[in-house]
Amino acid sequence: MRRALRHPSFLIGASLSAVIVFIALVSLVWTPHDPGQMRILSRLKPPDASFWLGTDQFGRDIASMLMVGARNALLVGLVAVGIGFTFGSVLGMLAARFEGSLLDDVVMRALDFVFAFPAVLTAILILTLFGPGLVNAVLAIGLFNIPVFARQARGATLQVMTRDFIRAARLAGCGTASILVRHVVPNILGLMIVQASTQFALAILAEAGLSYLGIGTQPPNPSWGRMLNDAQTFLARAPLLAIFPGMAIALSVLAFNLLGDGLRDIIDPRLKER
Amino acid sequence: MTLAVAALVVFWILEVLPGDPAATMLGISATPETIAALRTELGLDQPPVARFLGWITGMFSGQLGISYAYRVPVGGLIAERVAVTLPLAVLALMLASSIGIALGTLAASKANSVIDSVVMGVAQLGLAIPNFWFGLLFVLLFSVTLGWFPSGGFPGWSGGILPAFQALVLPALALALPQSAVLARLTRSSLLETMGEDYIRTARAKGLTRGQTLRRHALRNALVPVLTMMGLQFSFLVAGTIIMENVFALPGLGRLLVQAIGGHDLILIKNLVLLFVGAAVIVNAIVDIAYGYADPRLRVSRP
């Protein structure tokens, strides 16, 4: 813990993430204005005392939209990484436990295949098929998270399985399930959480990209990516519209990347980049 | 092999799963008669296996089908767009690798100095910024404010190389920057790891300076993981072109794909997706070959 408090990237990452989570939580109960309310008379206004970050082409308050957008981004990250983490870890651990079996082969082949598909392409395919929207976008991002976690889990499990305490547990009569849950999971969890943090950042980026293309989050729900798309039309008249949402995306991604880097160094100092 | 499975999956997803492709393509205002007519035109009255084989054999003879929305052969449509996307992707890859490897080498050669921290800090920032935001910022700075580059569109290669190149520089740079951040970090850590090897100590003992050993002995060995990453990154790059072509209104494959999705042009979509997957597979094969050049020890041992 003391090491955590002295680690600069962990500190910055953790506090930035905390701020973003806080803003998202606040947006549930309070925003400066109603993010959906349009005001014809105050379109494309520069920042002032009432509209902290100005208004968009419909006169909606940018600050409020960004706050709600934070909630959106975090939700996407949470669910998408949750899907990848759960399915990926289970598949990876099972593949490792039955290493070399048909199950291992099939799982790893299938994951290689998902991996070969460029992720955004997979997402676009899924969104074409099931229609654009936030839920489908999250599912798509979650899907291409599965192989990432499965590979990590398989590799880590294989390492843990060679350790003496696993043999001891097996001699003591533990079954496969109990070995995996009670002995493997606690040993690989740290590594998986580090991965989750990085994937969380990537999920936010992916959702922003899909929403920018217009096939992610649908209006009227605010999304940072969508706001950038809208801003592009008014780039010459209201350049600030393109600045703020991009900064929001960049800061969140930076926060979770730093958090992941910091956690990795703290959990496993041997992996530290010199 | 991967490509064959990919073709099967794409076909299955787009044509077998979601009910009637003809109805999807025509939208909700279609009458049963027009749907029936399109079904015949598309050959949907044949069984799926026959249609799949038709598509695959067509691919080898260059007959990819007729785009529903554009009413022109898909093959020609794609060929036209490749002339934009391929130079864009290649330019971006070249920029990403040269910037990334140069910065990574610089950081490693001055490890733990101020320069190192600055470079790595910038790289961390580069990782976080979405490439389409880079694109927007570039348009804002270089096109809207300074007027140095066009803000979008593509004049075509027929109007001379320079204007076409000018149209591609900003999107390629926007695509390349986040990737070069990844490569810079990787190059640095890989180089530092290599610098700890015995043969580096030997080279230093021979009297070479740190910079000389870095360039002559370490860099080449350190590039193997960097090459792997470049192969993996290509799929990010491909995905990036899809977004970037929409930022800069470039008439490339990515823009075509998004338009095809908007117009429910299933014939176009399936061919484009397969093309993208195919490109990723080919690039990974090239990377495998490149290992051999970077590190001759890997030539035989790779299965």
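Rules of the game
- Residues numbered from 1 in each chain as written.
- Chains lettered and ligands numbered in written order.
- Predicted model: local features only at pLDDT ≥ 70, side-chain atom pairs only at ≥ 80, totals over all residues.
- Heavy atoms only, no water.
- Helix = DSSP H or I, 4+ residues; strand = E, 2+ residues; numbered from the N terminus.
- Buried < 20%, exposed > 50% of the residue type's maximum accessible area, 1.4 Å probe, protein only.
- Contact = heavy atoms within 4.5 Å.
- Areas by Shrake-Rupley, 256 points an atom, 1.4 Å probe, with all protein chains shown as cover.
- Lys, Arg positive; Asp, Glu negative; His and termini not counted.
- Charge placed at Lys NZ, Arg CZ, Asp CG, Glu CD.
- Patch = residues over 30% accessible without salt bridge, like charges linked within 9 Å, V, L, I, M, F, W, Y side chains within 5 Å.
- Salt bridge = Lys/Arg side-chain N within 4 Å of Asp/Glu carboxyl O.
- Expected span 1.5 Å × (residues − 1).
- Bend = angle between axes of the 7 residues up to and from the residue.
- Buried area = accessible area lost by both parts, 1.4 Å probe.
- Polar contact = N/O pair within 3.5 Å; in protein donor to acceptor, adjacent residues only side chain to side chain.
- 1 Å grid on protein atoms, 1.4 Å probe; cavity = no way out; pocket = protein on both sides within 12 Å on 5 of 7 lines; lining within 4 Å.
- Points joined across faces, edges and corners; volume = space filled by probe spheres on them.

Turning next to the overall build of chain A. On a plain count of helices and strands, chain A comes out with ten helices and zero strands. In terms of overall dimensions, chain A has C-alpha extents of about 75 × 50 × 35 Å along its principal axes. Sorting the 274 residues of chain A into buried and exposed places 55% on the buried side. Look at the contacts in chain A between residues 6 or more apart in sequence, and 68% of them connect residues 24 or more apart. Working note: accessible area of chain A is about 12,600 Å², and carbon and sulfur atoms make up 68% of it. In chain A, which carries 22 positive and 15 negative side-chain charges, the distance between the mean positions of the two groups comes to 5 Å.

Attention shifts here to a nonpolar patch on the surface. Side chains of Val-21, Leu-25, Leu-28, Val-29, Trp-30 and Trp-52 of chain A sit close together on the surface and give an oily, nonpolar patch of about 650 Å² of accessible area. Following the sequence through the fold, Val-29 of chain A ends up in helix α2 (residues 8-29).

Over its 15 residues, helix α7 (residues 131-145) of chain B extends 20 Å from the first C-alpha to the last, a length consistent with the 21 Å expected when each residue adds 1.5 Å. At Val-139 of chain B, α7 of chain B is deflected by roughly 25°, the largest bend along its length. Counting buried positions over the 15 residues of α7 of chain B gives eleven, a clear majority of the element. Residues of α7 of chain B that are buried include every one of Asn-131, Phe-132, Trp-133, Phe-134, Gly-135, Leu-136, Phe-138, Val-139, Leu-140, Phe-142 and Ser-143 of chain B, and no others. Buried residues belonging to α7 of chain B abut α8 (176-212), α9 (224-233) and α10 (240-267) of chain A together with α6 (114-128), α8 (161-194) and α10 (210-247) of chain B. Gly-147 of chain B occupies a position one or two residues after α7 of chain B and carries a positive phi of about 70°.

On to α10 of chain B. Residues and elements named next belong to chain B. Between its first and last C-alpha, α10 extends only 44 Å over 38 residues, short of the 56 Å set by a 1.5 Å rise per residue. The largest bend along α10 measures about 50° and falls at Ala-218. Taken from the residues just after α10, Ala-249 is the one with a positive phi, measuring 50°.

So, on to the interface of chain A and chain B. Of the residues lining the interface, 34 residues belong to chain A; the matching set on chain B comes to 42 residues. Between chain A and chain B, the buried area comes to about 3,500 Å², and carbon and sulfur atoms account for 80% of it. Taken together, the links from chain A to chain B amount to one salt bridge. With a closest N to O distance of 3.2 Å, Arg-185 of chain B and Asp-261 of chain A form a salt bridge. The interface formed by chain A and chain B contains four residue pairs in polar contact (both at pLDDT 80 or more). Of all elements in the fold, only α4 (102-116), α5 (119-130), α8, α9 and α10 of chain A reach the threshold of two or more residues within the side of chain A that touches chain B.

All names here are of chain A. Under the defined criterion, the tally for this structure stands at one cavity of 30 Å³ or more. Estimated volume of the largest cavity: approximately 50 Å³. Asp-56, Gln-57, Ile-62, Met-65, Met-227, Asp-230, Ala-231 and Leu-241 are the residues that line the largest cavity. Elements supplying a minimum of two residues to the lining of the largest cavity: α3 (62-97) and α9. The element that contributes the greatest number of residues to the lining of the largest cavity is α9, accounting for three residues.

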